[in-house]
Structures are given as C-alpha cells and as structure tokens.
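# Analysis of the macromolecular model
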Amino acid sequence: MLKVENLFVNYGGIEAVKGISLDVPDGSIITLVGANGAGKSTTLRSIVGLVKAKSGSITLDGEELLGLSTADIVAKGITLVPEGRRVFPDMTVLENLKIGAYLRKDSLKDDIDRVYALFPRLQERSWQAAGTLSGGEQQMLAVGRALMSKPRLIMMDEPSLGLAPIIVQSIFDIIREINKQGTTVLLIEQNANMALKTADYGYVMETGRISLTGTGAELLANEQVKELYLGKSRQ
C-alpha cells in the first residue's frame, strides 16, 4: 500500500532521515520504534507532506506522493495524528471533529456516529470545549478527528505520550479496533513494549537509519531491543 524507498530528509539543517526504506501493507499495523531524535516523527511528517524530503520515493499504491501538498495527500487517504494531540482548545469536541472532514463535501453524520461509537466519552462531551478535556480525552479527540477524513492509512505520532497506564491500554485497544474496521495503521511510539505487542511488523530506527526489522513478536524477543527499549538487560 505505502512504500518508502531510500528516503533522505533534512530537518533544521540536520540530516534527520538517512536513506530509510519501509513497507506498510494494506490492512496492517506497522510500528516505528526508537529513541527521541531517531527520525521517527520526521519520517511521518515527510510522508504526509509537512516536511520536504531531500530525495527518495514515497508511493501509495504505486503513485508518487513526493511533491504533493498535504491537502492532496490527505485527499488520497493518508492522515496524521500529531504528537501532542494539537486539538483546537476553544472549539467544541464536535467542531474539532468537523474540522477533520474539511476536504469532504458529503454527509458527516455516519462518521461522527462511528467516532462516538469508538469513543463514547466524546459523545458525552460533544459540546464541551476541547481545551477542558483530560489528556486522554484529547488524544481520543485527535484520533477521532483524523478518522473524519475517512483515511485508508492513519499515522499516529506517540499516541500514548503522557497518558496514565490505564488510558494507554484503552488507546491501544482503539488502535486495534480501528485496524479491525479496515484502516491501515502506521504507529510511532516510545512505549516499544505496547507498540510491538500491537503491531504486525516493526522497524527500529536509530539516528536516522533502520537498524532492525521483524515481526512484533520477533522484535520483542530480540536481545538488543530488550536492552535498549524494553528496560531489560542482557542475560
């Protein structure tokens, strides 16, 4: 579905992504794990056109995306849930959801109902200002807003960051449900344990390069991954 080949991206004068390649098959959950500064967020931002790539290729079903505007990329079925949630604090929950559908001309009712079915808490707070929601509720709203564009591929940047463990579990349950309903997921996450337990396949990024690949189970069992990202020393 999505193919990234030999991607180089400079960000803030630094070569942040150094020739990475990865595949995101239709219907899968793929994760990128790694430390802060590894280039994960820059990779997602370049896929959706927010950061210009220096060279390489990003294709969706064989169609080149490099050079397209972010709006055109969203219209083709890719959306990003940014790190830090970035909801519009003075607008209501419902208004935030409608903003996620800004490119659409059709009825939004069925998709608003779908978001409320996934996140009943949002329906309860539909007329509440987004800035008054808890961190977990704001993350739910950010995901719901992204779903309003009816994406084929939803990319999530650190969805569990700063959330309580019980909320983290809920967010990952929702990620699985979104995927089960037919949306492909590309996830970057510092909580490598949860991400790899959820993902079909994973890529480990270090200083702008892919250092390891494998199924989620393979990477969970990898001694290097255990030592660096799962808080476990080598035996």
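Up top you'll find the structure we're talking about.
Residue positions within a chain follow its written sequence, with the count starting from 1. Local features in this predicted model are restricted to residues of pLDDT 70 or higher, and side-chain atom pairs are both shown and tallied only at a pLDDT of 80 or more, whereas totals for entire chains, interfaces and linings draw on every residue. By convention in this description, side-chain values take in all heavy atoms of the structure and omit both hydrogens and water.

Before going further, it helps to spend a moment on the sheet that holds strand E5 (residues 63–64). Within the open sheet, the 4 strands sit side by side as E2-E1-E4-E5. Their pairing is antiparallel. Each edge of the sheet is formed by a strand with only one pairing partner; in this case those strands are strand E2 (14–24) and E5. The criterion for strand pairing is that DSSP finds at least two bridges linking the strands in question. The helix and strand labels rest on DSSP assignments: H or I over at least four residues marks a helix, E over at least two residues marks a strand, and numbering proceeds from the N terminus. Pairing of strand E4 (residues 55–60) with E5, which is carried by 2 bridges, proceeds in the antiparallel orientation. In the sheet register, Leu60 faces E5, and the bridge partner there is Glu63. We call two residues in contact when some of their heavy atoms are within 4.5 Å. A fitted line through C-alpha atoms serves as each axis, taken over the contacting stretch for helices, and the angle formed by two N-to-C directions is quoted from 0 to 180°. Along the sheet, helix H1 (residues 40–47) contacts strand E1 (2–11), E2 and E4; its crossing angle with E1, the most-contacted strand, is approximately 115 degrees.

Take helix H6 (residues 135–147) next. The terminal C-alpha atoms of H6 lie 19 Å apart, and with 13 residues this matches the ideal 18 Å at 1.5 Å per residue to within 8%. Counting buried residues along H6, 12 of its 13 residues qualify, which places the element largely inside the surrounding structure. On its buried side, H6 packs onto strand E6 (78–81), helix H3 (93–99), helix H4 (109–118), helix H5 (120–124), strand E7 (153–157) and helix H7 (165–180). Given a helix with a known number of residues, its expected span is that number minus one, times 1.5 Å. Per-residue accessibility, obtained with a 1.4 Å probe over protein chains only, is compared with the maximum for each type, and a residue is labelled buried under 20%, exposed over 50%, and partly exposed between these values.

To find leftover empty space, one rolls a probe the size of a water molecule over the atoms. Note on definitions: the grid is 1 Å and covers protein atoms alone; a cavity is a set of points where a 1.4 Å probe fits but cannot get out; a pocket is an open set with protein on both sides within 12 Å along at least five of seven lines; lining residues have an atom within 4 Å of a point. Grid points are joined across faces, edges and corners, and a volume is the space filled by probe spheres set on the points. Looking at the largest pocket, its volume works out to about 620 Å³. What lines the largest pocket is a set of 26 residues, and nearest its centre among them are Thr79, Leu80, Val81, Pro82 and Arg145. Looking at the lining of the largest pocket, the elements with two or more residues in it are H1, helix H2 (70–75), E6 and H6. The class makeup of the residues in the lining of the largest pocket is 13 nonpolar, 6 polar and 7 charged. All residues other than Ala, Val, Leu, Ile, Met, Phe, Trp, Tyr, Cys, Pro, Asp, Glu, Lys and Arg, Gly among them, are scored as polar; the first ten of these are nonpolar and the last four charged.

Turning next to the pairing of strand E8 (residues 184–188). Of all the 5 residues making up E8, 5 are buried; the element is thus mostly covered by neighbouring parts of the structure. Neither face of E8 is exposed, since Thr184, Leu186 and Ile188 on one face and Val185 and Leu187 on the opposite face are all buried. Sheet topology note: the strand E3 (residues 29–33)/E8 ladder contains 4 bridges and is parallel. Opposite Ile29, over in E8, you have Val185 as the bridge partner. Viewed with both strands pointing away, a crossover whose connecting path from the first strand over the helix to the second turns clockwise is right-handed. Handedness of the β-α-β unit built from E7, H7 and E8 comes out right-handed.

What follows covers the sheet that holds E6. Across a sheet, strands are paired by hydrogen bonds formed along the backbone, either parallel or antiparallel in direction. Overall, mixed pairing links the 6 strands, which are arranged E6-E7-E8-E3-E9-E10 in an open sheet. Edge positions in the sheet fall to E6 and strand E10 (209–215), since each has one partner strand and no second. Each adjacent strand pair in this sheet contributes to an overall mean axis angle of 15 degrees, direction not counted. Judged from the 6 bridges that link them, strand E9 (residues 201–206) and E10 form a sheet pairing that is antiparallel. Within the sheet, the bridge partner assigned to Glu206 lies in E10 and is Arg209. Each of E6 and E7 touches H6; the most contacted strand, E6, lies at about 170 degrees to it.

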